[in-house]
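Topology and contacts: notes
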Amino acid sequence: MNKLRGGLLLLLLFCAPATTTTTLAQDEAAAEEHAIDKALGRCIDKDPSTAGMVNCISQAAQDWDRELNRNYKRLSEALDPAPRRALKTAQQEWLKYRDREFALIDALYAKMEGTMYIPMHAEDRLRVVKRRALELAAYLNFIENP
């Protein structure tokens, strides 16, 4: 299981959002320490079966979606009208991207055989939402801490 988390952290290093206020290493450290990730790790440690991992990842995905929405709302409230409109447009486009990315992920895993691919599939979908939640958090941090 530690290999799975280690692989995820390596993946985050290459996929984490980069802004003018944070480095990739800072983003990775923040993601590593996030309460959702800690809860996911504890959950998987309690039940490392395929079904257990999928349940844990599904809960974490829901938590990251809530975090994304919370970050979006806070960012939107902190912006003036013009950047708020730009954020709204970007988020609408991201939702389209998310749906297309989910379709791609689903298609890639559709013919994979073996139980190991089930949690991998769920984790790949989770990663898409988590990345956006962290991007929005980085933007919020940028405007709150110039």
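Below is a summary of the structure that appears in this document. Bear in mind the structure is a predicted one, so any value in this text is a computation, not a measurement.

Time to look at the overall build of the protein chain. On a plain count of helices and strands, the protein chain comes out with six helices and zero strands. Secondary structure elements in the protein chain, listed N-terminal to C-terminal, are α-α-α-α-α-α. Expressed as a percentage of the 146 residues in the protein chain, the buried residues total 33%. If you take every contact in the protein chain between residues at least 6 apart in sequence, the share linking residues at least 24 apart comes to 67%. When the accessible surface of the protein chain is totalled, it reaches about 8900 Å², and 58% of it is carbon and sulfur.

Attention now moves to helix H4 (residues 50–78). Across its 29 residues, H4 extends 41 Å between first and last C-alpha, which sits within 8% of the 42 Å expected from 1.5 Å per residue. Within H4 the residues assigned to the buried category are Gly52, Met53, Cys56, Ile57, Ala60, Trp64, Glu67, Leu68, Asn71, Leu75 and Ser76.

Counted according to the given criterion, the structure contains one disulfide. A sulfur-sulfur distance of 1.9 Å marks the disulfide that ties Cys43 to Cys56. Residues Cys43 and Cys56 are joined by a disulfide whose S-S torsion is about -75°; by sign, that bridge is left-handed. Here the residue Cys43 occupies a position in helix H3 (residues 35–46), and Cys56 occupies one in helix H4, the gap between them amounting to 13 residues.

Attention shifts here to the pattern of salt bridges. The final tally for this structure, using the stated rule, is ten salt bridges. When the shortest N-O distance is used, the salt bridge between Arg66 and Asp63 registers 2.3 Å. Taken together, the positions of Arg66 and Asp63, both in helix H4 and three residues apart, correspond to about one turn of that helix. One salt bridge in this structure joins Arg132 and Glu135, with 3.2 Å as the shortest N-O distance. Taken together, the positions of Arg132 and Glu135, both in helix H6 (residues 117–144) and three residues apart, correspond to about one turn of that helix. Assigned by exposure class, Arg132 and Glu135 land together as buried.

Count 3.6 residues to each turn of an α-helix, and residues three or four apart come out pointing the same way. With 29 residues, helix H5 (residues 81–109) should reach 42 Å at 1.5 Å per residue; the first-to-last C-alpha distance of 41 Å fits that figure. Among the residues of H5, those classed as buried are Leu87, Gln91, Trp94, Phe102, Ile105 and Tyr109.

This paragraph deals with the side chain of Glu67. By the secondary structure assignment, Glu67 is in helix H4. The residues touching Glu67, leaving out its near neighbours within four places in the chain, are His34, Ile36 and Ala133.

A few words on the environment of Lys88. Positionally, Lys88 belongs in helix H5. In this structure, the C-alpha to C-alpha distance between Lys88 and Tyr72, residues 16 residues apart in sequence, is 9.0 Å.

Direction vectors running N to C along H3 and H4 enclose 170°, while the axes themselves pass 9 Å from each other. What the angle tells us is that H3 and H4 run roughly antiparallel. For the pair H3 and H4, the contacting residues are Ile36, Asp37, Leu40, Cys43 and Ile44 in the first and Met53, Cys56, Ile57, Ala60, Asp63, Trp64 and Glu67 in the second. Across the contact of H3 with H4, the residue classes break down as nine nonpolar, no polar and three charged.

Definitions and limits used
- Residues numbered from 1 in each chain as written.
- Predicted model: local features only at pLDDT ≥ 70, side-chain atom pairs only at ≥ 80, totals over all residues.
- Heavy atoms only, no water.
- Helix = DSSP H or I, 4+ residues; strand = E, 2+ residues; numbered from the N terminus.
- Buried < 20%, exposed > 50% of the residue type's maximum accessible area, 1.4 Å probe, protein only.
- Contact = heavy atoms within 4.5 Å.
- Areas by Shrake-Rupley, 256 points an atom, 1.4 Å probe, with all protein chains shown as cover.
- Expected span 1.5 Å × (residues − 1).
- Disulfide = S-S within 2.5 Å.
- Salt bridge = Lys/Arg side-chain N within 4 Å of Asp/Glu carboxyl O.
- Axes fitted to C-alpha atoms, helices over the stretch in contact; angles between N-to-C directions.
- Parallel < 35°, antiparallel > 145°, perpendicular 65-115°, else oblique.
- Nonpolar A, V, L, I, M, F, W, Y, C, P; charged D, E, K, R; others polar.

This is a description of form; function is not addressed.
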